[in-house]
Amino acid sequence: MGLVCSGRCGQDAVGPEPTAHTPTARRTTDKAIAAAAAAPHTPNDAAANPDRGVRGEGSAAKGDSNQVLGGVRQGEEEAVMPARTLMVGESPSHPVPGIVAPGLAVNGRNNMNSHDLPLTAEDMTGEAVGQYLRAHPEFLESWLMEQVELETLERWMIRRTQRDKQKSLENDTNGKIIRKTSLSRWKFCVHADKRKMLQELTSSLYVRPNKPHVLWELTRCISSAVNADGCNLYLADLDTNTLRRYVESKDGEGDSTGWSCGVMGGEWLCGWVASSRQAVRVTYPITDPRFPKGCPFAEEQDVHHALVMAVMQSDGELAAVLELYRRRGSESFHTEDEEIVNSYLVWGGIALHYAELYHSMVKQRTLNEFILSVVKSIFQDMVSMDTLIMKVMNFAQRLVNADRASLFLVDSKNKQLYARIFDMGSECSEDNPQQSFKEIRFAIGTGIAGIVAQNGEVLNIPDAYADPRFNRTVDQLTGYVTKSILCMPIFIRGNVIGVMQMVNKASGVFNKEDEESFQMFAIYCGLALHHAKLYDKIRRSEQKYKVALEVLSYHNSCSDDELDVLQAENVTKHIPGVDDYYFCAMNLEDMTKVRHAIYMFVDLFGLSRFEKDCLIRFTLTVKKNYRRVPYHNWTHGFSVANAMYAIIKHNPKSFRPLECLALFIGSLCHDLDHRGKNNKFMLETESPLAAIYTTSTLEHHHFNQTVTILQQEGHNIFGKLTSTEYKQVLGNIKHCILATDLALFFPNKEKLSQLVHDGQFDWDNADHRLLIEAIAMTACDLCASAKPWEMQAETVKVIFEEFYEQGDAEKAAGKNPIPMMDRTKVNEQAESQVGFLSGICIPCYELLHKLIPNTKPLLEGCKSNLQTWKKIADEKRKESKNSDGEGEEETDTGIEEVNEEEEEEGVEALQDIKDECVDGKTGT
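How each quantity is defined
- Residues numbered from 1 in each chain as written.
- Predicted model: local features only at pLDDT ≥ 70, side-chain atom pairs only at ≥ 80, totals over all residues.
- Heavy atoms only, no water.
- Helix = DSSP H or I, 4+ residues; strand = E, 2+ residues; numbered from the N terminus.
- Contact = heavy atoms within 4.5 Å.
- Areas by Shrake-Rupley, 256 points an atom, 1.4 Å probe, with all protein chains shown as cover.
- UniProt positions renumbered as here; feature names shortened; annotations may be inferred.
- Buried < 20%, exposed > 50% of the residue type's maximum accessible area, 1.4 Å probe, protein only.
- Polar contact = N/O pair within 3.5 Å; in protein donor to acceptor, adjacent residues only side chain to side chain.
- Salt bridge = Lys/Arg side-chain N within 4 Å of Asp/Glu carboxyl O.
- Axes fitted to C-alpha atoms, helices over the stretch in contact; angles between N-to-C directions.
- Parallel < 35°, antiparallel > 145°, perpendicular 65-115°, else oblique.
- Nonpolar A, V, L, I, M, F, W, Y, C, P; charged D, E, K, R; others polar.
- Pairing = 2+ DSSP bridges.
- Core = buried A, V, L, I, M, F, W, Y, C linked by side-chain atoms within 4.5 Å.
- Patch = residues over 30% accessible without salt bridge, like charges linked within 9 Å, V, L, I, M, F, W, Y side chains within 5 Å.
- Left-handed = near helix turned anticlockwise from the far one by under 90°.
- Expected span 1.5 Å × (residues − 1).

## Let's talk about the overall build of the protein
Looking only at helices and strands, the protein has 31 helices and 16 strands in total. If you take every contact in the protein between residues at least 6 apart in sequence, the share linking residues at least 24 apart comes to 67%. Total accessible area computed for the protein in this model is approximately 47500 Å², and 51% of it derives from carbon and sulfur atoms.

So, in structure tokens, the structure goes:
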């Protein structure tokens, strides 16, 4: 039992045996065991001579109670063990002491005598020794720990692992034990320098966490762990399906541009391993028919023994092939060497996975930083299209490491691709832009870029000259050699708006990773280009708008002749009767109205803070900006301003000076550029004005036109006001003009009526003053209803003519106009006027009269006209009944029935008018 094998022996041995395991060596061992068994001994031999053997059980049987199996006393720190180990194949130089095993069954006999008998060579069988060791495991453990070298224990562990692995495969267990035994082997493998090597590898990875460097450092560690003379690393390029040798210099620079071979070739040893994914241990590889070319650098490196293994990624893809070699005269690789490599690759796979994650994170961060710079460039600098294209192309080159870049935009109208910045090299940048901006154009479907624009699919061409779609003409003219091309479409809203073409990757060809990175970038690139296109359109539109405004200002501004005529006149001369509530402007000429408007302004505000020429020019231009429509024309604008002048003139303390100024100018300009249609019509016909102003469409446009006139040179009548006064007047003018929208009249009337009814109206309250200003604007806008009957009747004719024109336009658009705007229902005019005056005008004037009593003439004039309209409505109703043969008898009951019908029809007419007012201002 004092023997131990440092190599392969016993039943656990697998594979070819070293010299020490030959039959001759075993026979020598048997002789040594027999000599030990025949040697004489005494019961105390083992105790007296610990170097010569193991104390037997017989001595313990004689009463030595402190002794246990294997000669170990209780309480002693160490077991009495042989001082040396006899290696297999070694001849003893002196007699071997006898071996007496307690309780050892020899040939079926159990030695229980008081004096142990020596064992003969015939009695010392493997079965007997095995039986004893199974019965006394503590003896086996103690002896192994003291007598067997660590390297030998490691080799035994590896062999046991390999044997269990083989058994699991034979038993069809799907390799369930493999992971367990491999991890067990990793746990108990005790290379002295393993920790140091892993620490060095970890430190190296911290400095350079990229995939090739991880594999290179891992290869060096494994080579040292298995005592290989050298190693080679072949990186897998899955895009080209090749293996490339990777060598890293002392300064850390890697090179993978040297030797390469195909993965599926199989002629080289590394290629065969890459394709089969199987590990290979071989001596003199070139003699193996599976890979007749052997190792690529066999002669240069004197490769005699080789261990080649595939390095796999976590997703199952091939990462590299690891080639370890030993030179001639060295020991060949064994199974335990392969297991050591596998153990290192367990950790190396984790390191490789995190290196890939780090690499992806760095690329993503770089891409995010660029996208952020693009966004900043767009929304802060508002760059031009050419500048943006240069930025996009510069980054695209850096992103995929290309030599040249081109960006083609799609001209959908002409079905062409065009570019102003074409074939930009790495020497071009924002600081050093490309000087030539000659635009090139070609049809979609022509060339590589044209095909990509047509199909909307990515084209990655590793060899341009081998692709029939490539046009060599450009290369022949320029002398440039195109090798590889990556061409990708740029989408926005599912449509191709451009094509980016990258030419000649600096190292190798464009791969899948380049495609994925560029696809993500192309999304933001498309947004940037789309935004830049919109910006260019907006900028061009602004220039067109400025030109149109200049033309409009020229044609819509007063002429110099008109200005000269009025400048020569005394426009401040008193005009009698102009401050009368019933003043008639229908028979006045347009220039006379201008003179009257200037007079009213000067009479109210004077010229101390206003320039006369500026006022004349402003009034003339306002006249010119009223369209020639039946009712909402310059005459109507002047009449409303005249009514406001009368209110202010007769009630000088009701409104403050700046409020009076805003009320008068607002009245004069309240219907500028009116088109003769109401707001509802603008919305239904999708007028551009309705797209700009969603509520009070026309009123917002009238105010905008007022501001436009004020901004023209020589027209700003408020030029001498302070900044605060100017803002206040302009804001008040807007409020006054918007108040002429009858849709706003009803809520304003309800609020003000409630304040008056509750006795809470306060002239010092700013909000209350705004309400009375709004009601005053509506009262002046409806002043035609309070004029004498002749003026009222004539005004209603032109009002309804404008209504009928809108009704005709609605019929042309396939819609049915309301009765008030249908020229086939002329007989209903009186009924509509009854409803309009009784439902809108009278309540407005009654409320105004309560707050400003001097406006009573307006209320009285409106009531007088209402009575007249009622009479006409009665007559029209009677005529209609007589024509239908349905006359009524003149009885009290009949009169009562007629009055009830009149009231019902008046209510219906009023409801129609209110509905129309809510949808859009009717324009009266």
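## Here's the deal with the UniProt feature "binding site: Zn(2+) 1" (unreviewed entry) in the protein
With numbering matched to this structure, UniProt assigns "binding site: Zn(2+) 1" (unreviewed entry) to His636, His670, Asp671 and Asp781. These annotated residues cover 146 residues of sequence, and their C-alpha atoms lie no more than 9.7 Å from one another, placing them together at a single site. Tracing the backbone shows Asp781 in helix H27 (residues 766-781). Residue class for Asp781 comes out buried when judged on its relative accessible area of 2%. Side-chain polar atoms of Asp781 contact the side chain of His636, separated by 3.1 Å.

## Some thoughts on the pattern of salt bridges
Evaluated as defined, the whole model comprises 28 salt bridges. One salt bridge connects Lys512 with Glu515, and the closest N-O pair in it is separated by 3.8 Å. Of this pair, Lys512 and Glu515 both sit in helix H16 (residues 512-556), 3 residues apart, roughly one helical turn. Look at Lys512 and you get partly exposed, because its relative accessible area is 47%. Given a relative accessible area of 13%, Glu515 falls into the buried group. In this structure, Asp603 and Lys649 form a salt bridge, with 2.9 Å as the shortest nitrogen-oxygen distance. Highlighted residues: Asp603 in helix H18 (residues 590-605) and Lys649 in helix H20 (residues 634-650), separated in sequence by 46 residues. Judged by relative accessible area, which is 28%, Asp603 ranks as partly exposed. Relative accessible area serves as the criterion here: at 35%, Lys649 is assigned to the partly exposed category.

## Regarding unusual backbone geometry
For Asp302, which is not a glycine, the phi torsion comes out positive at approximately 55°. Relative to the elements of secondary structure, Asp302 occurs in the loop between helix H11 (298-301) and strand E8 (305-312). In this structure, Asn401 is a non-glycine residue whose phi angle is positive, near 60°. With respect to the helices, strands and loops of the structure, Asn401 is situated in the loop between helix H13 (385-400) and strand E10 (402-411).

## Re the packing of H20 against helix H21 (residues 657-669)
Here H20 crosses H21 at 160°, and the two axes come no closer than 7 Å. One element, H20, and the other, H21, form an angle in the roughly antiparallel class. Touching Trp634, Gly637, Val640, Ala641, Met644, Tyr645 and Ile648 of H20 are Cys660, Leu663, Phe664, Ser667 and Leu668, all from H21. A per-class count over the contact of H20 with H21 returns 10 nonpolar, 2 polar and no charged.

## A short note on the UniProt feature "binding site: Zn(2+) 2" (unreviewed entry) in the protein
Per the UniProt entry, the sites bearing "binding site: Zn(2+) 2" (unreviewed entry) are Asp671 in this numbering. Tracing the chain through its elements places Asp671 in the loop between H21 and helix H22 (679-684). Residue classification places Asp671 among the buried positions, given a relative accessible area of 0%.

## Side note on the environment of Glu773
Relative to the helices and strands, Glu773 resides in helix H27. It is 8.4 Å that separates the C-alpha atoms of Glu773 and Glu659, two residues lying 114 residues apart in sequence. In contact with Glu773, other than residues within four places in its own chain, are Phe655, Glu659, Leu663, Asn732, His735 and Cys736.

## Comments concerning the pairing of strand E11 (residues 416-419)
Here E10 pairs with E11 via 3 bridges, running antiparallel. Residue pairing across strands places Leu409 opposite Tyr418, the latter belonging to E11. Linking two consecutive strands that pair antiparallel, namely E10 and E11, is a turn of 4 residues; a positive phi of about 55° is found at Lys415 within it. The pairing of E11 with strand E13 (residues 440-443) spans 4 bridges and is classified as antiparallel. By the bridge assignment for E13, Leu417 is matched with Phe442.

## So, the nonpolar core
General note: in soluble globular proteins, nonpolar side chains tend to be found buried as a group. Of all hydrophobic cores here, the largest spans 104 residues; its most connected members are Phe601, Val622, Leu661, Ile665, Ile717, Phe718 and Tyr845. If you tally residues by element for this core, the top one is helix H29 (residues 829-851), at 12 residues. Of all hydrophobic cores here, the second largest spans 34 residues; its members include Phe395, Phe518, Ala522 and Leu529.

## Considerations on helix H10 (residues 269-276)
Taking burial as the measure, the 8 residues of H10 include 6 buried ones, the bulk of the element. For H10, the complete set of buried residues consists of Leu269, Cys270, Gly271, Trp272, Val273 and Ala274. Considering only its buried residues, H10 is in contact with strand E3 (230-237), strand E4 (242-248), strand E6 (260-262), strand E7 (280-283), E8 and strand E9 (318-326). Following H10 by one or two positions, Arg277 has its phi on the positive side, about 65°.

## What about the environment of Arg220?
Within the element layout of this structure, Arg220 appears in helix H9 (residues 211-225). You can call Arg220 partly exposed: its relative accessible area is 48%. Between the alpha carbons of Arg220 and Gly230 there is a distance of 8.5 Å; along the sequence they are 10 residues apart.

## Details of a nonpolar patch on the surface
On the surface, a cluster of nonpolar side chains totalling about 370 Å² of accessible area is made up of Met520, Ile523, Tyr524 and Leu527. Looking at the secondary structure, you find Ile523 in helix H16. Among the residues examined, Ile523 registers a relative accessible area of 52% and is labelled exposed.

## A few points about the packing of H29 against helix H30 (residues 856-883)
Between H29 and H30, the shortest axis-to-axis distance is 9 Å and the interhelical angle comes to 165°. With respect to their mutual orientation, H29 and H30 come out roughly antiparallel. At the point where H29 passes H30, the crossing takes the left-handed sense. For the pair H29 and H30, the contacting residues are Ala830, Glu831, Gln833, Val834, Leu837, Ser838, Cys841, Ile842, Tyr845, Glu846 and His849 in the first and Lys856, Leu858, Leu859, Cys862, Lys863, Asn865, Leu866, Trp869, Lys870, Ile872, Ala873 and Arg877 in the second. The residue makeup of the contact of H29 with H30, split by class, is 13 nonpolar, 4 polar and 6 charged.

## Description of H9
Between the first and last C-alpha of H9 there are 21 Å, a value that for 15 residues agrees with the 21 Å anticipated at 1.5 Å per step. Across the 15 residues of H9, 11 count as buried, placing the element largely inside the fold. When H9 is considered as a whole, its buried residues turn out to be His213, Val214, Leu215, Trp216, Glu217, Leu218, Thr219, Cys221, Ile222, Ser223 and Ala225. With its phi angle positive at about 60°, Asn227 sits one or two positions after the end of H9.

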